[in-house]
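Chains, contacts and geometry: an overview
For reference, the chains in residue letters:
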Amino acid sequence: MHPDQDQLEKHLLILGGQELWFETRIRDLQRIAREEGLAGRFEASDAAWDLRQQLKAALASLQVEIMQTERKLYGLRRNARR
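Rules used throughout
Residues numbered from 1 in each chain as written. Predicted model: local features only at pLDDT ≥ 70, side-chain atom pairs only at ≥ 80, totals over all residues. Heavy atoms only, no water. Helix = DSSP H or I, 4+ residues; strand = E, 2+ residues; numbered from the N terminus. Rg over C-alpha atoms; globule rule 2.2 N^0.38 Å. Buried < 20%, exposed > 50% of the residue type's maximum accessible area, 1.4 Å probe, protein only. Contact = heavy atoms within 4.5 Å. Areas by Shrake-Rupley, 256 points an atom, 1.4 Å probe, with all protein chains shown as cover. Core = buried A, V, L, I, M, F, W, Y, C linked by side-chain atoms within 4.5 Å. Expected span 1.5 Å × (residues − 1).

Here we come to the overall build of the chain. For the chain, the helix and strand inventory stands at 2 helices and 0 strands. Expected size for 82 residues packed as a compact globule is a radius of gyration near 12 Å; at 18 Å, the chain overshoots this value by more than 25%. Dimensions along the principal axes, computed over C-alpha positions, put the chain at roughly 60 × 15 × 15 Å. Burial analysis of the chain (82 residues in total) assigns 23% to the buried set. In the chain, the share of contacts with a sequence separation of at least 24, taken over all contacts with a separation of at least 6, comes to 74%. Counting every atom, the chain has about 6,000 Å² of accessible surface; 54% of that belongs to carbon and sulfur.

Below, the structure is given as structure tokens:
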């Protein structure tokens, strides 16, 4: 395996772990916002929702980085087979 390919695969695993963390936290914050809203704690609900929105934006950026890394990795694999 090419050293660059090995590094990209390791980096992709790290990014995947970060993606999972973001997705889990976003779901948690959505649940918290809903629960706080139903309980009449609208300030807490809004704060959870705002943080959720910030994490969604960060997740979108992370997913772009994941796609770029995947493209590089697949390019290396394709070139290695030639």
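Our focus in this paragraph is the nonpolar core. F22, L55, L59, L62 and I66 are the most contacted members of the largest nonpolar core, which totals 13 residues. When residues of this core are traced back to their parent elements, those giving at least two are α1 (3-38) and α2 (42-81). Contact partners of F22, with chain neighbours within four places excluded, come to L55, A58, L59 and L62.

The next subject is α2. Helix length check: α2, at 40 residues, gives a terminal C-alpha distance of 57 Å against a target of 58 Å (1.5 Å per residue), a fit within 8%. When α2 is considered as a whole, its buried residues turn out to be S45, A48, R52, L55, L59, L62, I66, T69, L73 and G75. Buried residues in α2 make contact with α1.

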